[in-house]
Amino acid sequence: MNIQVLPEHKLSSVAPLKQCNVEKKEVELILVKDQNGVQYTSSSVIPNCSGGPPEDDERETWGKKMDFLLSVIGFAVDLANVWRFPYLCYKNGGGAFLIPYILFLVIAGMPLFYMELALGQYNREGAATVWKICPVFKGVGYTVIIIALYVGFYYNVIIAWSLYYLFSSMTGELPWLHCNNSWNSENCTLPKHFNGSFLANGTSYAKFKITPAAEYYERGVLHLHESRGIQDLGLPRWELTLCLVVVVFILYFSLWKGVKSSGKVVYITATMPYVVLFVLLIRGITLPGAMDGIRAYLHIDFNMLNNPKVWIDAATQIFYSLGAGFGVLIAFASYNKFDNNCYRDALLTSTVNCVTSFFSGFAIFSVLGYMADKHGVKIEDVATDGAGLVFIIYPEAISTLPGSTFWAIVFFIMLLTLGIDSSMGGMEAVITGLTDDFKILKRNRKLFTFATAFGTFLVALFCITNGGIYVLTLLDNYAAGTSILFAVLIEAIGVSWFYGVDRFSEDIERMMGFKPGLYWRLCWKFVSPAFLLFVVVASIVTSTGLNYDDYIFPQWSNVVGWGVAMSSMLFVPVYAIYKFCSVSGTFKQRIAYCITPEHEHHLVAEGNIRQFTLKHWLAI
């Protein structure tokens, strides 16, 4: 029997034999197999005691630990932290909203975040091939990869808008200050002509579309007035097309060399928003009415907690805010060193993300308070979320400040950097997920990265036409709505129940030297799946027909939207059926092969199937 001596760095990842619950004859069997022609590549080692995945020494790793942390923070902290959380907090009871928000963070958000980081780091694979731990669930990997791709189609457009606004801000007088521009309508009204009595009909100031800022966004940038609806798109706007080209080039050159290049870009894109938010906060709190805005943001109304919608909003916000389920955390963690402490990383990055959301509210509401004071209206009349906040209300407020050009440039640089690293994360999930699965793509990563970036550019062109906002709204509602919730629910069930929380905990112990506590194991097995099921049901029950302001989408567009959602979700059952049909054996053996980790398939032939025992399903 020919036994090769492994290099020291490979031996370090293999547990000593005396610690293993493996008989000597089983080890000898492995070596005999090796002698009889089973060839291991230079990137693998003798399987460890549990038959876990080999450590891939050829896989690139992050240059520094900080590259990884900033990449995760940069991905998780995105535009929604600025344009969604503060408004949700304000309308759902202010400080009281933090109770369900923090609760869901602790019992579901952090455990899911931790699970994905550990899953990627231990298996050192992307979102699809990581399912060698339970092959029947590989379709979930394809689902999240497709969803990440869909999100890139429209998310890059929002970044392109930010870039367009940034270029437009580089002028002596901001273009959304007056009504004498070529894009303005006859109804354009300067803000100073608005007053409290003008809003007496119950319409909030934020909903008026005839201010210079609102008309610049909808008529000057989007050219929405030239479209009759989603059926009337027109051609892409050349100005936005150029901005989109710039965004796609930034993404390509950030990702083409893998984490070695993207890990350096995030030093700018992940840190810049914090600098700008701090600067905007300092400027904001010096404005008249700022304290009224902050008081409105922080007011505590515990009665709101009786409203189920508040809990649904908190659950969905914590889920989307942390970004679990898009395959990004798995992809990023797969480039970590095997013994990296991903437990500490999960706690740190998820906390930083949520604190950022809360902190950004002060920068937003100090300015909204100033707007309300300036127009003599209530905070609720100027408070809004989404694109209306960052492309209409906030720019309008900035335009009234001394040095408005500087503040506008700073603000849109923040939006640009918030978007870029989140988009980088999504595209990296697609690239890592598919290159790990198809080796020909891995050998031609630069070309595949270009193809992915160019593909997203082509589809995004539909979103920068005259009616492009309707396409973007459809994708935003359906591409990553119920489908991503469904995918993460299946992922949580696959890891916690079919692979097994006890086995998953042993994997973590093998990496970091300690086993996750009972709290984390209970969350993974019971709380997180229950939470996800709640959010899935809530998203379906509360879903309504599509609309953009007063425009109601035709019924066929909702059908198209559900078609987009189903196109990703169908990978789960379709792949499961394919896997079942592609393996050989009796019905029971096929089931066993589908739900047994690939490195334990030899046990199926022996009839030793762990998943067919009650002990497996009861283990925690």
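To start, this report covers the structure provided alongside it. (Residues numbered from 1 in each chain as written. Predicted model: local features only at pLDDT ≥ 70, side-chain atom pairs only at ≥ 80, totals over all residues. Heavy atoms only, no water.)

Tracing the chain through its elements places Glu 215 in helix H8 (residues 212-221). Summary of buried charges: Glu 215 has no salt-bridge partner, and the nearest side chain of opposite charge, Arg 219, is 4.3 Å away. (Helix = DSSP H or I, 4+ residues; strand = E, 2+ residues; numbered from the N terminus. Buried < 20%, exposed > 50% of the residue type's maximum accessible area, 1.4 Å probe, protein only. Lys, Arg positive; Asp, Glu negative; His and termini not counted. Salt bridge = Lys/Arg side-chain N within 4 Å of Asp/Glu carboxyl O.)

Further remarks concern the nonpolar core. Core analysis: the biggest nonpolar cluster contains 193 residues, and Trp 161, Tyr 217 and Phe 391 have the highest contact counts within it. In terms of residues, this core owes the most to one element, helix H7 (residues 138-169), which gives 21 residues. Excluding anything up to four places from it in sequence, Phe 391 contacts Trp 83, Ile 158, Trp 161, Ser 162, Tyr 165, Ala 213, Tyr 217, Phe 412 and Leu 415. Residues Val 583, Ala 592, Tyr 593 and Ile 609 belong to the second largest nonpolar core, which totals five residues. (Core = buried A, V, L, I, M, F, W, Y, C linked by side-chain atoms within 4.5 Å. Contact = heavy atoms within 4.5 Å.)

Within the fold, Asp 507 resides in helix H22 (residues 482-512). Engagement of the side chain of Asp 507 in a polar contact is seen with the side chain of Tyr 122, the distance being 3.5 Å. For Asp 507, the contacting residues outside a window of four places in its chain are Tyr 122 and Tyr 499. (Polar contact = N/O pair within 3.5 Å; in protein donor to acceptor, adjacent residues only side chain to side chain.)

The next thing to look at is the pattern of salt bridges. Inspection of the entire model under this criterion finds 17 salt bridges. When the shortest N-O distance is used, the salt bridge between Asp 436 and Arg 59 registers 2.9 Å. With a gap of 377 residues between them, Asp 436 in helix H18 (residues 404-437) and Arg 59 in the loop between helix H2 (24-35) and helix H3 (65-76) connect regions that are remote in the sequence. For the residue pair Asp 436 and Arg 59, the accessibility class agrees, reading buried in each case. Members of the salt-bridge network, linked through shared partners, are Arg 59, Asp 436 and Lys 442.

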